[in-house]
Amino acid sequence: MEIELRRTTENDIQYVLSAQADEDSRAFVTAWPEAAHRGVLGDANIEHLIVESKSNNQRVGFVILAGLQSEHRNIEFMRIVVTEKGKGYGRSAVRAIKRHAFETLSAHRLWLDVKEHNTRARSLYEKEGFQYEGTLRECLEGPEGFESLVVMSLLEQEYRNA
């Protein structure tokens, strides 16, 4: 799947809110309120991006990257939500984010956390070269109790050698 990443605009906010509230996504994503999404649109340390299909210019997801101004060149792959699941957009978006982080933003390290029970996403990240770093045990309280987060990262050298 060919995708394009573009900056989120005010006109995309309702789509973003709908995407994160989708039944297939909300068990895996900590939703932000509308004001938080709007608030980061002009933040130089955060990129809020829309994932679009090149074939039909349709929005198929969104991504948030943080730490763009990190003196240590550590960028957090904070959020990804794909609304068109099972079509390869998630893998394409992860690959585009890696390219963007290492080739455009000059990251040394791209890292993320993922809910421990999100085995589908964890498998994708592993296949894309992300390494397990550790588990933040029961750090989120949700409607069904406490959840753990798995921290994973990819270093620039690993990206270049892949």
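Calculation notes
Residues numbered from 1 in each chain as written. Predicted model: local features only at pLDDT ≥ 70, side-chain atom pairs only at ≥ 80, totals over all residues. Heavy atoms only, no water. Core = buried A, V, L, I, M, F, W, Y, C linked by side-chain atoms within 4.5 Å. Buried < 20%, exposed > 50% of the residue type's maximum accessible area, 1.4 Å probe, protein only. Helix = DSSP H or I, 4+ residues; strand = E, 2+ residues; numbered from the N terminus. Contact = heavy atoms within 4.5 Å. Polar contact = N/O pair within 3.5 Å; in protein donor to acceptor, adjacent residues only side chain to side chain. Salt bridge = Lys/Arg side-chain N within 4 Å of Asp/Glu carboxyl O. Pairing = 2+ DSSP bridges. Arc of directions from axis to C-beta. Right-handed = clockwise from strand over helix to strand, strands pointing away.

Colleague: Which parts of the structure should I look at to understand the nonpolar core?
Modeller: Most often, soluble globular proteins have nonpolar side chains that are buried together. In terms of nonpolar packing, the biggest core is built from 29 residues, with Val63, Phe77, Ile80, Leu110, Tyr125 and Phe130 touching the most fellow members. When residues of this core are traced back to their parent elements, those giving at least two are strand E2 (46-53), strand E3 (59-66), strand E4 (74-82), helix H3 (89-104), strand E5 (109-115), helix H4 (119-127) and strand E7 (145-155). A total of seven residues in this core trace back to one element, the largest contributor, which is H3. Excluding its chain neighbours within four sequence positions, the residues that come into contact with Phe77 are Val63, Ile64, Leu65, Val94, Ile97, Leu110, Trp111, Leu112, Tyr125 and Phe130.

Colleague: Explanation requested: the environment of Arg91 in the structure shown.
Modeller: Within the secondary structure, Arg91 is located in helix H3. On the accessibility criterion, Arg91 (30% relative accessible area) is partly exposed. C-alpha separation for the pair Arg91 and Glu138, spaced 47 residues apart in sequence, amounts to 28 Å. Setting aside anything within four residues of it in sequence, one finds Arg91 in contact with Leu124, Lys127 and Glu128. A polar side-chain atom of Arg91 sits 3.0 Å from a polar atom in the side chain of Glu128.

Colleague: Please explain the pattern of salt bridges as it appears in this structure.
Modeller: According to the stated counting rule, one finds 15 salt bridges in the structure shown. The shortest N-O distance in the salt bridge between Glu2 and Lys54 comes to 3.9 Å. Separated by 52 residues along the polypeptide, Glu2 in the segment before strand E1 (3-7) and Lys54 in the loop between E2 and E3 bring together distant segments of the chain. Across the salt bridge formed by Arg73 and Glu156, the nearest N and O atoms sit 3.1 Å from each other. Of this pair, Arg73 sits in the loop between E3 and E4 while Glu156 sits in helix H5 (residues 156-161), and the two are 83 residues apart along the sequence. Judged by its relative accessible area of 40%, Arg73 is partly exposed.

Colleague: Quick question: what am I supposed to make of the pairing of E2 here?
Modeller: A regular strand carries its side chains on alternate faces of the sheet. E2 sits mainly inside the fold: eight of its eight residues count as buried. Along E2, one buried face is formed by Ile46, His48, Ile50 and Glu52 and the opposite face, lined by Glu47, Leu49, Val51 and Ser53, is buried too. Here five bridges tie E1 to E2, and the two strands are oriented antiparallel to one another. Looking across to E2, one finds that Leu5 is bridged to Val51. Pairing of E2 with E3 involves seven bridges; the strand directions are antiparallel. Opposite Ile46, over in E3, you have Ala66 as the bridge partner. Between E2 and E3, which follow one another and run antiparallel, lie five residues, and Asn57 among them has a positive phi close to 55°.

Colleague: Just checking my understanding: could you explain H4 for this structure?
Modeller: Residue pairs three or four apart in sequence face the same way in an α-helix, which turns once every 3.6 residues. Buried within H4 are the following residues: Ala121, Leu124 and Tyr125. Here the buried residues of H4 occupy an arc of 100° about the axis, which is enough to place them on one side. What points out from H4, more than 90 degrees from its buried face, is the exposed set Thr119 and Lys127. Residues of H4 that are buried make contact with E4, H3, E5 and E7.

Colleague: Looking at this structure, I do not really get the pairing of E4. What am I missing?
Modeller: The element E4 is extensively covered by neighbouring structure, given that seven of its nine residues are classed as buried. One ladder, built from six bridges, connects E3 with E4; its direction is antiparallel. Paired with Ile64 across the two strands is Arg79, which belongs to E4. Sheet topology note: the E4/E5 ladder contains three bridges and is parallel. If you follow Ile75 over to E5, its bridge partner there is Leu110. Regarding the hand of the β-α-β motif, the stretch spanning E4, H3 and E5 is right-handed.

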